[in-house]
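Residues per chain, in single letters:
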Amino acid sequence: MKPAPFAYAKARTLDDAIRLLGEHKGEAKLLAGGQSLIATLNMRLSSPSLLVDINGVTGLDGISVKDGMIEIGALARHAALERSPDIAKHAPLIALAMPHIAHPAIRNRGTIGGSLAYADPAAELPACVVALDGEIGIIGTNGKRTVKAGDFFRGLFETALGPHDVLSAVRFPAANSDTRVGFAELARRHGDYALVGLAAAAKASGKSLTDVRLCYFGVGATPVRARKAEAALAAGSVDDAVMALDLDPSDDIQATGAVKKHLAGVLLRRVAKQLMEPRA
Ligand SMILES: Cc1cc2nc3c(=O)[nH]c(=O)nc-3n(C[C@H](O)[C@H](O)[C@H](O)COP(=O)(O)OP(=O)(O)OC[C@H]3O[C@@H](n4cnc5c(N)ncnc54)[C@H](O)[C@@H]3O)c2cc1C
């Protein structure tokens, strides 16, 4: 299929992009990597009157580490994160997740901002950002605001972004020597969206773990934290954590809810092992 007709504008600055979105009163959409948007246009799931291309906005693709926090600009491509020494050192969970996102050609164009704004419930990055207790920077017609990642994902493909908002950056605590992370997913083919996946972070405290955050994807409308399992894992028992898994995935075309719940337990055992091992 071909998309419905649309106009195209190239924003030079963030203000330019916000002005264009405001002028088109909910009829315009931002174009970042285009790896999700163009497919939805072609399938006529979406028919904006204007595409506002933000690829020419400078300064939106940086990666910086300051005051114990790492900040990633919305336009940072998946491939740039995959190759970044700063991401490997300060955001090891993102580094672990990156090779699971689609294929190299898609990672060359797709952006972290696009992935978070699109909010596919089976996508890796939204779950990572929730597991890392991140925050999302947003700029809109009413100025700047910050939303905790846990509050950002509101429903199926639904976020805290309004129609005139641009997601500008994501921030989360930079990893230190106590940081433990784990990541695993099951997909039919490598690079496909996951059937079920798990992104996790914790702090090492002697032989135990504290601040355990287990965030599943592919099991609900948004990234889903398994809070009872987090508490059980912090108490030291992987078996109890698996027993405590309080997930209720629905059946979908890939698997029944019961299969997904079983797979969630399998992933938890794999990820728990990663969390308990010090990083190399
Ligand atoms: C074959 C295929 C396989 C894929 N597999 C995976 C996978 O396994 N895991 C995965 O996570 N993803 C996967 N993707 C999606 C890919 O990661 C996309 O790049 C990503 O989801 C969207 O990023 P983008 O920059 O391409 O955004 P776009 O497609 O340009 O935009 C997506 C949506 O976000 C909005 N948007 C974009 N940037 C911003 C911004 N800064 N502020 C506000 N709104 C914004 C757009 O208006 C649009 O509504 C796959 C894509 C394809 C085509």
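The structure presented is a predicted model; accordingly, all values stated were derived computationally and were not measured. (Residues numbered from 1 in each chain as written. Predicted model: local features only at pLDDT ≥ 70, side-chain atom pairs only at ≥ 80, totals over all residues. Heavy atoms only, no water.)

Student: How do you make sense of the packing of aromatic side chains when you look at a structure like this?
Tutor: Note on aromatic pairs: each is described by the distance of the centres and the angle between the planes. Taken as a whole and assessed by the stated rule, the structure comprises three aromatic pairs. Ring plane angle 25° and centroid distance 5.8 Å describe the contact between Phe183 and Phe217, whose orientation is recorded as stacked. In this pair, Phe183 sits in strand 11 (residues 179–186) while Phe217 sits in strand 13 (residues 208–217), placing the two residues 34 residues apart along the sequence. (Phe/Tyr/Trp six-rings, centres within 6.5 Å; stacked < 30°, edge-to-face > 60°. Helix = DSSP H or I, 4+ residues; strand = E, 2+ residues; numbered from the N terminus.)

Student: I keep staring at the pattern of salt bridges and nothing clicks. Help me out?
Tutor: As a working rule, side chains carrying opposite charge can pair if their charged atoms are close by. Summed over the entire model, instances satisfying the criterion amount to twelve salt bridges. Between Arg171 and Glu71 there is a salt bridge; the shortest N-O distance is 3.0 Å. Taken together, the residues span a long stretch of sequence, with Arg171 in strand 10 (residues 166–173) and Glu71 in strand 5 (residues 69–73) at a distance of 100 residues. Taking the relative accessible area as the measure of exposure, Glu71 reaches 31% and is therefore partly exposed. With a shortest N-O distance of 3.1 Å, Asp192 and Arg189 are connected by a salt bridge. Each of Asp16, Arg19 and Glu23 takes part in a single network of salt bridges with overlapping partners. (Salt bridge = Lys/Arg side-chain N within 4 Å of Asp/Glu carboxyl O. Buried < 20%, exposed > 50% of the residue type's maximum accessible area, 1.4 Å probe, protein only.)

Student: Explain the site of the ligand to me, please; I cannot follow it from the model alone.
Tutor: Near the ligand, the surroundings consist of 31 residues, among which Leu30, Gly34, Leu37, Thr111 and Glu124 are the closest. Within the backbone of Ser36, a nitrogen or oxygen atom sits 2.9 Å from an oxygen atom of the ligand. Note that an oxygen atom of the ligand is positioned 3.5 Å from one of the backbone N or O atoms of Ser115. The fraction of the free accessible surface of the ligand (970 Å²) that becomes covered by protein chains is 88%. At the level of elements, strand 2 (28–31), helix 7 (112–118) and strand 10 are the ones that each hand at least two residues to the shell around the ligand. Element by element, the count of residues in the shell around the ligand is highest for helix 7, at four residues. (Near = heavy atom within 4 Å. Polar contact = N/O pair within 3.5 Å; in protein donor to acceptor, adjacent residues only side chain to side chain. Areas by Shrake-Rupley, 256 points an atom, 1.4 Å probe, with all protein chains shown as cover.)

Student: Could you clarify how one ought to interpret the layout of surface pockets in this entry?
Tutor: Gaps left between atoms show up when a probe the size of a water molecule is rolled over them. The space that makes up the second largest pocket amounts to roughly 330 Å³. If you trace the second largest pocket, you find 16 residues lining it, with Asp120, Ala122, Tyr193, Ala194 and Gln254 closest to the centre. Taken together, the residues that form the lining of the second largest pocket break down as eight nonpolar, two polar and six charged. (1 Å grid on protein atoms, 1.4 Å probe; cavity = no way out; pocket = protein on both sides within 12 Å on 5 of 7 lines; lining within 4 Å. Points joined across faces, edges and corners; volume = space filled by probe spheres on them. Nonpolar A, V, L, I, M, F, W, Y, C, P; charged D, E, K, R; others polar.)

Student: So what exactly am I meant to see when it comes to the nonpolar core here?
Tutor: The tendency in soluble globular proteins is for nonpolar side chains to be buried side by side. Grouped together as the largest cluster of nonpolar side chains are 57 residues, with contacts concentrated most on Ile94, Leu116 and Phe152. Element by element, the count of residues in this core is highest for helix 8 (residues 124–131), at six residues. Ignoring anything within four residues of it in the chain, the contact list for Ile94 reads Leu81, Ile87, Leu125, Cys128, Leu132 and Phe172. Counting residues in hydrophobic clusters, the runner-up holds 26 residues, among them Ala229, Leu233, Val271 and Leu275. (Core = buried A, V, L, I, M, F, W, Y, C linked by side-chain atoms within 4.5 Å. Contact = heavy atoms within 4.5 Å.)

Student: For this particular structure, what's the right way to read the sheet that holds strand 5?
Tutor: Sheets are built from strands that pair by backbone hydrogen bonding, the pairs being arranged parallel or antiparallel. Ordered in space as 4-5-10-6-7, the five strands form an open sheet in which the pairing is antiparallel. Unpaired on one side and paired on the other, strand 4 (63–66) and strand 7 (143–148) mark the two borders of the sheet. Ignoring which end each strand starts from, the neighbouring axes of this sheet average 25° apart. Judged from the four bridges that link them, strand 4 and strand 5 form a sheet pairing that is antiparallel. Within strand 5, the position partnered with Ile63 by the bridge is Ile72. In the packing of helix 1 (residues 14–23) onto the sheet, the strands contacted are strand 6 (135–140) and strand 10, and the crossing angle to strand 10 comes to about 125°. (Pairing = 2+ DSSP bridges. Axes fitted to C-alpha atoms, helices over the stretch in contact; angles between N-to-C directions.)

Nothing here speaks to function; it is geometry throughout.
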